[in-house]
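Fold and contact review
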Amino acid sequence: MTRRRQILSAAILTSAGLVSPFSRSATAWDAYCDIAIVGGGGAGLAAAARAGALGLQVSVFEKMPTVGGNTRLASGYISAPWPRFQTPLGITDSWQKFAADIKDNAGPTGDSARIGRLAQESTRTLDWLETLGLRFMPGTFLVSGEHFPRAYKPMSANGEGYIKLLVSQARAHGAVIETGAKVNELLLDASGQIEGLTVVSPQGIRRIRAKKGVLLASGGFCASDAMVAAVAPTYEHLTHDNAPGCTGEMLWAARKIGAALVDMDKIQCQPGCPAGRTYRVRLHNEPNRFVLVNHQGERFIREDARRDALRDAVMALPEKQAFIIVDDVGLRQYNQLIQKETVLGVETGDAFAALTVAELARQLHLPQGALEETLSHYNDAVAIQSDRLGKDMTFCSPIVTPPFWACYAAMTRHASDGGLKTDVDGRVLRPDGTVIAGLWAAGEVTGGLHGNNQMGGNGLTDALTFGRLAAEAIARH
């Protein structure tokens, strides 16, 4: 049978009522729970911890061998207005200012209602994490992609602390967290409401009844070259820094039952390894500590620019990559894990170190004298607090202390800003705006929040806040 005939036959059978366009549940279930969570990253585990505390019976299904997803790999910075940390530093902030900043970066596709909800609830998320036992470093950080000092960093390295805490909390409240368990189908009842899902694992194929609902927290799709090529081909040739499980299958599973997808062509990029290399050195997290130079040894954009502006500026270079330069003081102000990554990067050829600026420039094959001149002008700008490229020099430090360090700064796919359309509680919507009863989503699997440009620290704020809020909404349901 030809492909055309297959499509026509399926259409005829569907219109005749002989084949349903949606997945229908079987009469027998292999297991029951109140809430089934698809994905064991930050959003899913935040929901599991909160739902368990609210008395719900929770099952988490993670397709990879371990939980954590992109949250485990994240730098750990999380953004919110938090007066307890900001006020002692003379920083005045508010949720209204936070919301305005997010909306300004997101552009016209940013959902104002969801943005407002995120901004209002973000401080409560940090308070909640502290109540559970997470400890933050003193002070407030200005991080890459953020334009205001409202980011905070746990004492633990990168995103590891969030995952350990939330797994512990979820299990303490009876949540079952299953790894190596891939969800491949969402099941509906005759009225079109979500009843449960199908899980494939070493135990076989099981149908799980979720009495209160299913929460999709399966992450984005930046680890899938094929999916990026299909929806955002501009970025298909780039490397990515995502967990290997971020491949987007649940987006198609949800679309199959009528869910709306938004902003699928929007990909957030960060400096990383060029194509052909696999080890990423993260010297870009705090823009006040580094300069970004091209292959002529010259700065070409302010380092604290929006992420989309940085992405486009680097991708416009003939070489499609630049270099990040820090001195030893700057490197040592990063956490120990990033310091170790940088030293290892020198061994693998993905980072560079030298006792003089001239020697560093030689290793990077930059024109003689160009990097020395660039750093001299930059250090003068720090001293007079005025930068010709417009960088805010308030928190910047001069780059003067050897050894000097550098790494590649090619663009790498960091986050997919498109995904499922949801309301402020995380309920998944159809293209006409109606709710798919029993289906929620949180974290990077959703779209319509970050739009054109995701601000630094907001990935974790989004995942942990909307994971928590979805659990609370499902409990109320």
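In this convention, every chain numbers its residues from 1, walking through the sequence in written order. Local features in a predicted model are, by the rule used here, given only for residues with pLDDT of at least 70; side-chain atom pairs are given and counted only at 80 or more, and totals for whole chains, interfaces and linings are based on all residues. To get the side-chain values, take all heavy atoms of the structure and skip hydrogens and water.

Glancing now at the overall build of the protein chain. Secondary structure elements follow DSSP: runs of H or I no shorter than four residues count as helices, runs of E no shorter than two count as strands, and numbering proceeds from the N terminus. Along the backbone of the protein chain there are 15 helices and 18 strands. Radius of gyration here is computed from C-alpha atoms only, and the compact-globule reference equals 2.2 Å multiplied by the residue count raised to the power 0.38. Computed over C-alpha atoms, the radius of gyration of the protein chain comes to 23 Å, within 12% of the 23 Å expected from 2.2 N^0.38 for 477 residues, which places it in the range of a compact globule. Taking the principal axes of the C-alpha coordinates as reference, the protein chain spans close to 75 × 55 × 40 Å. Residue burial in the protein chain is summarised as follows: out of 477 residues, 59% are buried. By definition, residues are in contact when any of their heavy atoms lie within 4.5 Å. Taking contacts inside the protein chain between residues at least 6 apart in sequence as the whole, the part at least 24 apart equals 75%. Of the accessible surface of the protein chain, which amounts to about 19,000 Å², a share of 54% is contributed by carbon and sulfur atoms. Here's how the labels work: a residue is buried when its accessible area is under 20% of the maximum for its type, exposed when over 50%, partly exposed in between, all with a 1.4 Å probe on protein chains only. Note on areas: Shrake-Rupley, 1.4 Å probe, and residue coverage restricted to the protein chains presented here.

What follows concerns the confidence of the model for the protein chain. Averaged over all residues, the pLDDT of the protein chain equals 93, while 94% of them reach at least 70. Predictor confidence is given residue by residue as pLDDT, running from a minimum of 0 to a maximum of 100. Confidence drops under pLDDT 50 across residues 1–23; counting only partners more than four residues distant or on other chains, this segment forms 16 contacts.

Stacked, tilted and edge-to-face are the three classes assigned to paired rings of Phe, Tyr and Trp, where Trp is represented by its six-membered ring and a pair needs centres within 6.5 Å; plane angles under 30 degrees give stacked, over 60 edge-to-face, the rest tilted. This structure, assessed with the given rule, holds 7 aromatic pairs. Relative to Phe 136, the ring of Trp 82 has its centre 5.3 Å away and its plane inclined at 85°; by these criteria the two rings are edge-to-face. Of this pair, Trp 82 sits in the loop between β3 (78–79) and α4 (83–86) while Phe 136 sits in the loop between α6 (112–132) and β4 (151–152), placing them 54 residues apart in sequence. The exposure class of Phe 136 is buried, given its relative accessible area of 6%. A network of ring pairs unites the aromatic residues Trp 82, Phe 85, Phe 136 and Tyr 152 as a single cluster. Over the face of the ring belonging to Phe 466 we find Arg 114, whose NZ or CZ atom lies 4.7 Å from the ring centre. We count a charge as sitting over a ring when the NZ of a lysine or the CZ of an arginine lies within 6 Å of the ring centre and within 35 degrees of the ring normal.

Another point: the pattern of salt bridges. Any two side chains of opposite charge can pair, on the condition that their charged atoms come close. What counts as a salt bridge is simple: a side-chain nitrogen of Lys or Arg found within 4 Å of a carboxyl oxygen of Asp or Glu. A full pass over the atoms with the stated rule returns 31 salt bridges. Here Arg 124 makes a salt bridge to Glu 121, at a shortest N to O gap of 3.2 Å. Of the two residues, Arg 124 and Glu 121 are both situated in helix α6; the distance of 3 residues between them amounts to about one turn of the helix. By relative accessible area, which is 15% here, Glu 121 ends up buried. Among the salt bridges present, the one from Arg 468 reaches Glu 121, with a minimum N-O distance of 3.0 Å.

This part covers the nonpolar core. Leu 186, Leu 197, Val 214 and Leu 216 are the most contacted members of the largest nonpolar core, which totals 59 residues. Not counting chain neighbours up to four residues away, the residues in contact with Leu 197 comprise Ala 36, Val 38, Phe 61, Val 183, Glu 185, Leu 186, Leu 187, Arg 206, Arg 207, Ile 208 and Val 214. We call a set of buried Ala, Val, Leu, Ile, Met, Phe, Trp, Tyr and Cys residues a nonpolar core when their side-chain atoms join them within 4.5 Å. In this structure, Ile 35, Tyr 152, Val 167 and Ala 175 belong to the second largest nonpolar core, which totals 54 residues.

Only the stretch in contact is used when fitting a helix axis, every axis being a line fitted to C-alpha atoms; angles between N-to-C directions are given from 0 to 180 degrees. Close contact between helix α2 (residues 42–53) and helix α7 (residues 160–172) brings their axes to 8 Å; oriented N to C, the two are set at 35°. For the pair α2 and α7, the crossing hand works out as left-handed. Residue-level inspection shows Gly 42, Leu 45, Ala 46, Ala 48 and Ala 49 of α2 in contact with α7, the latter providing Ile 163, Leu 166, Val 167, Gln 169 and Ala 170. Gly falls in the polar group here, along with every residue not listed as nonpolar (Ala, Val, Leu, Ile, Met, Phe, Trp, Tyr, Cys, Pro) or charged (Asp, Glu, Lys, Arg). Residues of the contact of α2 with α7, tallied by class, amount to 8 nonpolar, 2 polar and no charged. If you view the pair so one helix is near and one far, a crossing is left-handed when the near helix is turned anticlockwise from the far one by less than a right angle, and right-handed when it is turned clockwise.

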